[in-house]
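# Geometric and topological summary
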Amino acid sequence: MPGTDGATAGEGARGGTGALRRTLSFRDLVVYGLLFIAPMAPVGIFGTLQAASHGAITAVYLVATVAMAFTAYSYAQMVRVAPRAGSVYAYARVGLGEGAGFVAGWMAMLDYLLIPAVAYLFSGIALHALVPQVHQWVWTAVAVVVTTLLNLWGVRTAAVVGFAVLALEIAVLVVFVVAAVWALAAHGAQRGWAVPLTGEGGFSLDAVLAAVSVAVLSYLGFDAIASFAEEASGGSRLVARAVVTCLVVAGVLFAAQTYLAALLAPMSAAELAAKPGEQGAAFYVTVDFAVGGWLHDLVAVSKAIGAAFAALAGQAAAGRLLFAMARDRRLPGAMAKVDAGSGVPRRALLGAALVTLVAAVWAATRDDGLDRLSSIVNVGALTAFALLHASVIGWFRIRRQAAVPSVLRHVVVPLAGLAVVVAVVVEASPTAQVVGGVWLVVGLVVLAVQYAKAGSRAGSHPSGD
């Protein structure tokens with residue numbers, strides 16, 4: 001029965017595994033989401049999106065925000081149904097069944113473990129550029145250790161430190177905005193004021209949509225807020241509001257910074273398209289050209305620190321996912337323990353930290369490490385998003401757990417979100433698709449083994465005994 005799932009999970013939380021503490025405020029939840037996303041996430045892919053969209057990069061982020069709003073809305077719907085740690089794992093479990101729940105959690109696990117590894121590597125690369133005497137793998141490992149200690153200290157402590165880091169990142173973004181406005185007032189724009197919205201030489205819907213498939217990856221992380229549902233002091237409604245707020249704030253920040261950068265960029269979209277090797281540094285080149293090297297360095301330092309704390313938020317979410325799956329006996333039960341002192345799932349956090357440490361340090365020792373890691377992330381989260389949307393339909397429309405299911409909220413919106421997710425997965429790199437497929441197959445094998453063991457136990461203890 002539908003209500004059984006919630007009762008079972010609740011009993012698990014109150015049993016020998018311990019319970020997570022409700023200490024997070026609305027601000028704390030938004031901080032975790034924005035930390036994971038990073039306020040200046042477009043910096044690294046600015047040139048790529050400029051080239052792909054024919055210069056309409058701000059339109060790309062506006063469309064991407066709307067596209068991801070479908071997913072945010074589905075999260076807001078399901079967090080009220082299953083306000084538990086584990087996020088999409090818990091939602092698919094109640095909306096689609098145990099098997100689908102495991103698959104959703106398994107696929108989300110891939111990205112929750114690897115996205116922090118990429119962020120740690122970004123931090124290591126940036127810090128190595130500032131202090132080249134220390135190898136980047138050392139900086140990467142230091143970033144993992146420092147943020148893991150903060151997570152183990154307690155969710156509230158990590159949120160407070162995270163808020164300070166987020167404030168620093170936003171302050172740097174404000175400095176960029178002010179400096180960009182000054183440069184525009186003093187020297188004028190390099191192109192028409194409407195070009196970041198309409199593109200160079202006319203608006204191309206195909207080009208914008210192709211770029212959107214890449215831009216939506218900038219938003220991955222806002223969903224991590226739902227992982228803290230059992231630690232939010234205001235309950236599920238607070239979490240739902242934080243998820244939507246985080247997405248809207250990120251969309252506004254992304255649109256503002258890309259609009260200003262596009263107006264100031266010395267290279268046109270066509271020039272960037274002709275020189276792919278210069279796309280990665282396009283934002284920094286723009287800052288150097290329009291403002292000066294001092295802002296370049298400030299943005300680089302902010303990105304180095306911000307990346308490490310984006311990984312902190314990702315690691316915390318990964319720990320909650322592992323904890324939730326272990327509590328339901330889908331992963332080793334040792335990870336379902338909650339530390340009595342800090343109130344966090346210490347073993348699950350350490351397990352997540354170990355995986356990300358190995359992946360990040362391995363990548364930091366290779367010349368192609370960043371490319372290899374970056375090429376395989378995101379497909380897991382996108383697959384989990386697809387199951388999230390299906391869960392909304394399953395819970396509200398098929399299982400009819402609402403008095404009057406809404407066609408718009410419970411069918412149209414999740415189907416639209418599902419279409420967006422499928423389109424992005426189709427546009428993903430072949431490597432990501434292969435790794436995601438292999439990970440899915442491994443998960444299905446694990447699930448089959450678990451079902452076989454459960455059936456064997458049931459057969460050896462018939463009800464008549």
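What comes next is a walk through the structure. Please read these numbers as outputs of a predicted model, since none were measured by experiment.

## As for the pattern of salt bridges
Applying the stated criterion across every chain yields a total of eight salt bridges. As a salt-bridge pair, Arg156 and Asp28 come within 2.2 Å of each other at their nearest N and O atoms. Residue Arg156 is located in helix α8 (residues 155–187), and its partner Asp28 is located in helix α2 (residues 26–37); the two are separated by 128 residues in the primary sequence. When its relative accessible area of 37% is taken as the criterion, Arg156 is described as partly exposed. For Asp28, a relative accessible area of 0% translates into the label buried. The shortest N-O distance in the salt bridge between Arg327 and Glu230 comes to 2.7 Å. Residue Arg327 is located in helix α14 (residues 293–327), and its partner Glu230 is located in the loop between α10 (205–215) and α11 (235–264); the two are separated by 97 residues in the primary sequence. The exposure class of Glu230 is buried, given its relative accessible area of 11%.

## Let's talk about helix α18 (residues 407–427)
Its 21 residues place the ends of α18 29 Å apart at the C-alpha level, agreeing with the 30 Å of an ideal helix rising 1.5 Å per residue. The complete set of buried residues in α18 reads His410, Val411, Val413, Pro414, Gly417, Val421 and Val424. Buried residues along α18 sit in contact with α4 (57–81), α10 and α17 (379–398).

## Some remarks on the environment of Gly105
If you trace the backbone, Gly105 turns up in helix α6 (residues 98–130). Between the alpha carbons of Gly105 and Ser87 there is a distance of 8.3 Å; along the sequence they are 18 residues apart. Once you skip the residues sitting within four places of it in the chain, Gly105 turns out to touch Tyr89, Leu321 and Met325.

## Focus on the packing of aromatic side chains
Under the definition given, this model contains 11 aromatic pairs. Geometrically, the ring pair formed by Tyr61 and Tyr219 is tilted, given 6.3 Å between the ring centres and 50 degrees between the ring planes. One end of the pair, Tyr61, is in helix α4; the other, Tyr219, is in the loop between α10 and α11, and 158 residues separate them in sequence. Each member of the pair, Tyr61 as well as Tyr219, is classed as buried. When the ring of Phe176 is compared with that of Phe283, the centres are 5.2 Å apart and the planes differ by 40 degrees; the resulting orientation is tilted. Of this pair, Phe176 sits in helix α8 while Phe283 sits in helix α13 (residues 282–290); the two residues are 107 residues apart in sequence, bridging distant segments of the chain. Of the residues examined, Phe176 reaches a relative accessible area of 2% and is grouped as buried. What makes Phe283 buried here is its relative accessible area of 2%. Taken together, the aromatic side chains of Phe46, Phe176, Phe283 and Tyr284 make up a single cluster linked through ring pairs. The ring centre of Phe163 lies 3.9 Å from the NZ or CZ of Arg27, which sits over that ring. Cation over ring: Arg241 sits above Phe26, and NZ or CZ is 4.3 Å from the ring centre.

## Notes on α10
Every buried residue belonging to α10 is among Ala207, Val208, Ala211, Val212, Ser213 and Ala215, and all of these are buried. The elements touched by buried residues of α10 are α3 (46–52), α4 and α18.

## Here we look at the side chain of Glu231
Structurally, the position occupied by Glu231 is in the loop between α10 and α11. Glu231 has contacts with Leu20, Arg21, Arg22, Thr23, Leu24, Val155 and Arg320, leaving out every residue within four places of it along the chain.

## Description of a nonpolar patch on the surface
On the surface, Leu130, Val131, Leu168, Val301 and Ile305 cluster together into a nonpolar patch covering about 340 Å² of accessible area. Mapped onto the fold, Leu130 is located in helix α6. Exposure remark for Leu130: the relative accessible area of 43% places this residue in the partly exposed category.

## As for the nonpolar core
With 150 residues, the main nonpolar core has Leu29, Tyr32, Tyr75, Tyr91, Phe176 and Phe222 as its most contacted residues. A per-element tally of this core places α6 first, with 17 residues. If near-sequence neighbours (up to four positions away) are discounted, Tyr75 is found in contact with Ser87, Val88, Tyr91, Phe222, Asp223, Ala226, Val243, Phe385 and Leu388.

Parameters and conventions
- Residues numbered from 1 in each chain as written.
- Predicted model: local features only at pLDDT ≥ 70, side-chain atom pairs only at ≥ 80, totals over all residues.
- Heavy atoms only, no water.
- Salt bridge = Lys/Arg side-chain N within 4 Å of Asp/Glu carboxyl O.
- Helix = DSSP H or I, 4+ residues; strand = E, 2+ residues; numbered from the N terminus.
- Buried < 20%, exposed > 50% of the residue type's maximum accessible area, 1.4 Å probe, protein only.
- Expected span 1.5 Å × (residues − 1).
- Contact = heavy atoms within 4.5 Å.
- Phe/Tyr/Trp six-rings, centres within 6.5 Å; stacked < 30°, edge-to-face > 60°.
- Lys NZ or Arg CZ within 6 Å of the ring centre and 35° of its normal.
- Patch = residues over 30% accessible without salt bridge, like charges linked within 9 Å, V, L, I, M, F, W, Y side chains within 5 Å.
- Areas by Shrake-Rupley, 256 points an atom, 1.4 Å probe, with all protein chains shown as cover.
- Core = buried A, V, L, I, M, F, W, Y, C linked by side-chain atoms within 4.5 Å.

None of the figures reported here should be taken as evidence of function without further support.
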